[in-house]
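Chain and residue survey
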Amino acid sequence: ELFVKDAMKRNQKDISRLQNMLEDASSKTNHEIRSLKQLRDHLKDRKYKVDTNLQRSLERRKMRNSRPGRELTVDAPEQELTTQTDLLAATSSDLGAQINQVEQQIRNLEGMSNTLQRDIAGKKTVSNIEERVAHMGMEAPRAAEPLYHDQPNLHVPEWRTYTLQNCGQALDLQRQSKEMRRQALSISKKARSEEKEQHHLVQAAMKHRINEVQSLKADLAAHGQLVAQEIAELMNTRRTLEQEIRAKLPHLNRAAERYASRLQRPPGEKKADQVEFALVEQYHQLQKVMKEMEDKLAKVKSRLHVLQKTKVDLKRNYYDKAKGIK
């Protein structure tokens, strides 16, 4: 009887010790489950923000692609936006993979928690049975009945070993979870830093480009004013030349008519006298002046054509810059 009581006492202590180990493992496992769920929610929130920023970056690139044709250059803002888009897309993909890993680990821990709870429940049941057995009193003697022992199942581990294995597996999962949380938070922090840095690069490139375009607009406007001023001056010059040519033309025609009229003199009177020499000299002089003015007028018209085309190009370029900067 003393041997039985001593064995039952030791058994109760083992059960109590293992039960405490299981409850501690269960508590820590549940703590890891809660921590991982918080991490999962954090990662989902981060992914939502990253996806929002990614969509905004794509919209900005799409908007810049609507610039006029001459403004569609792969400039610094376009390069930085492309880098930002690629970075955000990679971060979103990494966060999605991390969320899947965390959710899988949560399922593993929840399965482990259920296993531990079943083991705890079993230990409580055994403890209650052993306690009732320990308090059973001696009854009146009666014929002893033979004891039958079931053949042990060699595939089921000894109950202490099974509990220790469960606690060991729970500890391994807890360590994996802690490392997973550490890595995820570290990666998330690094990603935020890279996103912030890239955002500053994009904003700086956009600001520089805006200032650059504003400066180009001012130059175009100033150049356009100079061209308009030169066009106005050439228009006045053209009008003056046309007036002078029209004014010289009657004198030239009159000199030609005078010369032709003197050719109608009788043959005996057709002499190259001073009048004829003067008429010829006047005609040639007027003709030379007319030729010089016509040549000058042609140059003025040619220059006007070039300037008017330049004015149109400057105006289009100015409006393209204005549209692009919006």
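Residues numbered from 1 in each chain as written. Predicted model: local features only at pLDDT ≥ 70, side-chain atom pairs only at ≥ 80, totals over all residues. Heavy atoms only, no water.

1. What about the overall build of the protein?
- Helix and strand counts for the protein stand at 4 helices and 0 strands.
- From first element to last, N terminus to C terminus, the protein shows the α and β order α-α-α-α.
- Across the 326 residues in the protein, those meeting the buried criterion constitute 29%.
- Put simply, 90% of the contacts in the protein that link residues at least 6 apart link residues at least 24 apart. (Helix = DSSP H or I, 4+ residues; strand = E, 2+ residues; numbered from the N terminus. Buried < 20%, exposed > 50% of the residue type's maximum accessible area, 1.4 Å probe, protein only. Contact = heavy atoms within 4.5 Å.)

2. What about the nonpolar core?
- In terms of nonpolar packing, the biggest core is built from 22 residues, with Leu36, Leu39, Leu43, Val102 and Leu116 touching the most fellow members.
- Looking at this core, the elements with two or more residues in it are α1 (2-64), α2 (76-134) and α3 (159-262).
- Here this core takes 9 residues from α2, the largest share from any one element.
- Residues within four places of Leu36 in sequence aside, it is in contact with Val102, Gln105, Ile106, Leu109, Ser177 and Arg181.
- Core analysis: the next-biggest nonpolar cluster, separate from the first, contains 15 residues, Leu286, Met290, Leu304 and Leu314 among them. (Core = buried A, V, L, I, M, F, W, Y, C linked by side-chain atoms within 4.5 Å.)

3. Brief notes about the pattern of salt bridges
- Within the structure shown, the criterion is met by 15 salt bridges.
- Its salt-bridge partner being Lys37, residue Glu110 comes within 3.6 Å of it at the nearest N-O pair. Here Glu110, found in helix α2, pairs with Lys37, found in helix α1; they are 73 residues apart in sequence, far enough to count as distant.
- Using a relative accessible area of 32% as the deciding quantity, one classes Lys37 as partly exposed. (Salt bridge = Lys/Arg side-chain N within 4 Å of Asp/Glu carboxyl O.)

4. What to know about the packing of aromatic side chains
- Taken as a whole and assessed by the stated rule, the structure comprises 1 aromatic pair.
- Taking the centre distance of 5.8 Å and the plane angle of 85° together, the rings of Tyr318 and Tyr319 count as edge-to-face. (Phe/Tyr/Trp six-rings, centres within 6.5 Å; stacked < 30°, edge-to-face > 60°.)

5. Brief notes about the side chain of Thr29
- For Thr29, the location among the structural elements is in helix α1.
- A distance of 3.1 Å separates polar atoms of two side chains, one belonging to Thr29 and the other to Gln174.
- The contact partners of Thr29, leaving out residues within four places of it in the chain, are Leu109, Ser113, Leu116, Ala170 and Gln174. (Polar contact = N/O pair within 3.5 Å; in protein donor to acceptor, adjacent residues only side chain to side chain.)

6. A word on the side chain of Ser188
- When you line up the elements, Ser188 lands in helix α3.
- Looking at Ser188, its side chain comes within polar contact range of the side chain of Arg46, at 3.3 Å.
- The residues touching Ser188, leaving out its near neighbours within four places in the chain, are His42 and Arg46.

7. Structural notes on the environment of Arg238
- In this structure, Arg238 sits in helix α3.
- Sequence spacing of Arg238 and Leu297 is 59 residues, and the spatial spacing of their C-alpha atoms is 6.2 Å.
- Sequence-distant contacts of Arg238, defined by excluding residues within four places in its chain, comprise Leu297, Val300, Lys301 and Leu304.

8. Structural notes on the confidence of the model for the protein
- When pLDDT is averaged across the protein, the result is 84; 87% of the residues are at 70 or more.
- Here residues 151-157 scores under 50 on pLDDT; set against residues more than four positions off or in separate chains, the count is 2 contacts. (pLDDT = per-residue confidence, 0-100.)

9. Description of the environment of Glu32
- Position of Glu32 among the secondary structure elements: in helix α1.
- Here Glu32 falls in the buried class, since its relative accessible area comes to 1%.
- Beyond its immediate chain neighbours, meaning those up to four positions away, Glu32 contacts Leu109, Gln174, Ser177, Lys178 and Arg181.
- Looking at Glu32, its side chain comes within polar contact range of the side chain of Arg181, at 2.9 Å.

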